[in-house]
Amino acid sequence: MTETDIIQKCKAYDKTAFKELVKVYSPALMSVCMRYIGDRHEAEDMVQESFIRIFNNILKYQETGSFKSWLCRIAATTCLKEIRKKHLILDVDINEYEELASEDFIMLTDEAGIIKIIEEIPLPYRLVFNLYVIEGYTHQEIAEMMGVGESTSRSQLSRARKMIQALFIKYKVQLTA
Amino acid sequence: MVEQDKIFKKTASEHESPIDFESLWNQLEPHVPSKTKRRPIFWFWLAGFAFIGFSAYLIIDPKSPTKPKVKSLEVVNIKQNDQIANTLKNDIPDPKLEQIKQHPKDKKTYFNVRTPINNVSLVKVKSKSADLISKDIDLTKETKYALETVDQSEIGNLNKINIHTELKSIGDVAPLNSLNSININNDEEKIKDLIHTEAKSQETILSLPNVNFVFLNAPSFFAPKIIVSKRKKINLLFRLGVGISNNKFHAPQLENDLDILLNTSEKSLEYLTIGIATDFAITNKWYIQTGLKYSRYSTHIIHESNNFSLITKNGVTEININPEGEATNIIGAVSSTKVTNKRSSWHTYHHSIDLPINIRYLILKANRHKLFIDGGVMLKCWSGSQGGFVNQSNHLQKFDFSSSPYNSLKLGLNGGMSWEWHLRSTGAFYAGLMYDKSDLRLTYNNNIINKSLSSLSMNLGYRIFFTP
């Protein structure tokens, strides 16, 4: 079943198409949720929640942009909503990450390293990094989504970048285009 | 950095994490929507169309399709120039209108005005129907009066107008009631038929308006001077409104981003208003509305700040590697910075009591329904604020009424559209969509920041009419 078939049949409320939709896109959505949530068990719950939202909003998909991007954005906003709902008080030890930079233990492949690095960034910075760099939101949009100021969004992105540099050295990740 | 971002975006977008599909599907399967679940949307639309249809039914005359468009002519004001004898008091006939022959395509219907009372000089003819336009007739100057009609055929078929006058006296002059029929087409046969069928076909006979004749200063010798006036009614509108608001800070004189900080930290919430108002008619379509109004704007402040503190804990201070290559970690005290992200939530309320002065224009009148547009200014009688704001140091600064840094400008703006449904002669239902705008000044550290508040609210109320 092609992507277009899945979309059209889902819009016609075809159950087999919904099953195919979940089968094809659940690994991608799991990746998104892992990037935001970090914990595997909670990420699975978020994938489930995201698919329920996708089912209920499938008629709103206009077929103008990438379908996968649309699904991933729903997963991202679902995770963000959950994080905000929990009112997480964040406790981040920056020096701990700076110390890690001086250690030298693991060597990873590029893709695995990049994903691991994203998942290791502390939560508030990871959220901004994911939303700005991966999803492509602006600082204004992030500020509205997270309920913070634009300046907070910018500073957290800056901190995320510093941590990534430290983690690059730690994991000896070499970026290749 | 841009190149690095691209690599991150590409890698993360293409990355997939394994997940147990069967377990996931088992949990999702009950949530798969079916076509039957779309029924609420269908019922929603059906209810919407039913509401619109019912509203249209109420606005358009629900009684009868045969009801003539021209419903009534109303004599509302007769003033006597000269004094008349007391003996005339029981014999005051009504002014008469006679239709003039005219071209069938002429959209105006002309009447000759004749008065059997020489002393009566002014007749105000007013129609209750939107199809006729009211006009004063000065009998000393005019002998011809035009009633403009939308549909010539309706007035053309009209045979009879009943004018009901109710005389009200002061002192020793007794009230007088009379019922007078005016023949428009001079068709005696039709009039007779109509008189016979009057009881059965009230729809074709115009309804009966009221006129008050007030006898004042009745002297003993001369006849009382008659001042005929329409009964003056006072109206009071009680209304309650709820809506959405918007707030915007602006600090053009400040070079820093304090206004950006304020705008991003403070979000607008609901708007509440309650008030009393009265209308004064200037003409048939123009009114002045004034009264008192209490308003409350609410905002929500979400403030996030980072606190840094130095802490000491155990950690790896040294790694010893022996000749065999085995590493041993030496544990000791390590100092580090603890970052605590604190999120605060707070509300600010701006209260005000205003004196609105609005101009209202009647844009549509159909049966008992009226549609107005209005707009004007609001004079601030009192204003007060309580809550907080995020200051230049990125701290949430709280305040109450006494310590409020806000001052309100003395003038605001409001306007909107309203609908009134005259349920009975003593009352009308009111519904209006109103826009309000007020400006405040926040004074902080000798800086002045403008705060603009606006709202869009749905108002419901009831207008009562009474004679004092």
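Residues numbered from 1 in each chain as written. Chains lettered and ligands numbered in written order. Predicted model: local features only at pLDDT ≥ 70, side-chain atom pairs only at ≥ 80, totals over all residues. Heavy atoms only, no water.

On to the pattern of salt bridges, then. Taken as a whole and judged by the stated rule, the model has 17 salt bridges over all chains. It is possible to trace a salt-bridge network through shared partners that takes in Asp279(B), Arg360(B), Asp374(B), Glu420(B) and Arg463(B). (Salt bridge = Lys/Arg side-chain N within 4 Å of Asp/Glu carboxyl O.)

Quick look at the confidence of the model for chain B now. Residues and elements named next belong to chain B. Averaged over every residue, the pLDDT of chain B is 68; the share at 70 or more is 59%. Between the elements of chain B, mean pLDDT differs from a low of 32, seen in strand S7 (residues 160–168), to a high of 92, seen in strand S12 (residues 266–281). The low-confidence segment residues 61–95 (pLDDT under 50) makes 114 contacts with residues lying over four places distant or belonging to another chain. Confidence drops under pLDDT 50 across residues 113–231; counting only partners more than four residues distant or on other chains, this segment forms 292 contacts. (pLDDT = per-residue confidence, 0-100. Helix = DSSP H or I, 4+ residues; strand = E, 2+ residues; numbered from the N terminus. Contact = heavy atoms within 4.5 Å.)

This next bit is on the interface of chain A and chain B. Listed as interface residues are 59 residues of chain A and, on the opposing side, 42 residues of chain B. In total, chain A and chain B occlude about 4800 Å² of area from one another, counting both sides; carbon and sulfur atoms represent 61% of this. If you look at where chain A meets chain B, you find two salt bridges. Inspection of the region where chain A meets chain B yields seven residue pairs in polar contact (both at pLDDT 80 or more). Taken together, the elements giving at least two residues each to the side of chain A that touches chain B come down to helix H2 (15–37), helix H3 (40–57), helix H4 (67–85), strand S1 (90–93), helix H5 (94–100), helix H6 (110–120), helix H7 (123–134) and helix H9 (150–171) of chain A. Residues that form the side of chain A that touches chain B fall into these classes: 31 nonpolar, eleven polar and 17 charged. (Buried area = accessible area lost by both parts, 1.4 Å probe. Polar contact = N/O pair within 3.5 Å; in protein donor to acceptor, adjacent residues only side chain to side chain. Nonpolar A, V, L, I, M, F, W, Y, C, P; charged D, E, K, R; others polar.)

What follows is about a nonpolar patch on the surface. All names here are of chain B. A cluster of nonpolar side chains, namely Phe 280, Ile 282, Trp 286, Ile 288, Ile 357, Ile 359, Leu 379 and Leu 411, defines an oily patch on the protein surface of about 700 Å² accessible area. Contributing elements (two or more residues each) for the nonpolar patch: strand S13 (286–321) and strand S14 (327–366). Mapping Phe 280 onto the fold places it in strand S12. For Phe 280, a relative accessible area of 48% puts it in the partly exposed group. (Patch = residues over 30% accessible without salt bridge, like charges linked within 9 Å, V, L, I, M, F, W, Y side chains within 5 Å. Areas by Shrake-Rupley, 256 points an atom, 1.4 Å probe, with all protein chains shown as cover. Buried < 20%, exposed > 50% of the residue type's maximum accessible area, 1.4 Å probe, protein only.)

Let us look at the pairing of strand S15 (residues 369–390) of chain B. Residue and element names in this part refer to chain B. Where S14 lies against S15, 17 bridges are found, and the strand directions are antiparallel. When the bridges of S15 are listed, Ala 366 appears paired with His 369. Linking S14 to S15, which pair antiparallel, is a turn of two residues; within it Asn 367 sits at a positive phi near 55 degrees. Of the strand pairs in this sheet, S15 and strand S18 (residues 411–424) are connected by eleven bridges, and their pairing is antiparallel. Within S18, the position partnered with Leu 371 by the bridge is Trp 419. (Pairing = 2+ DSSP bridges.)

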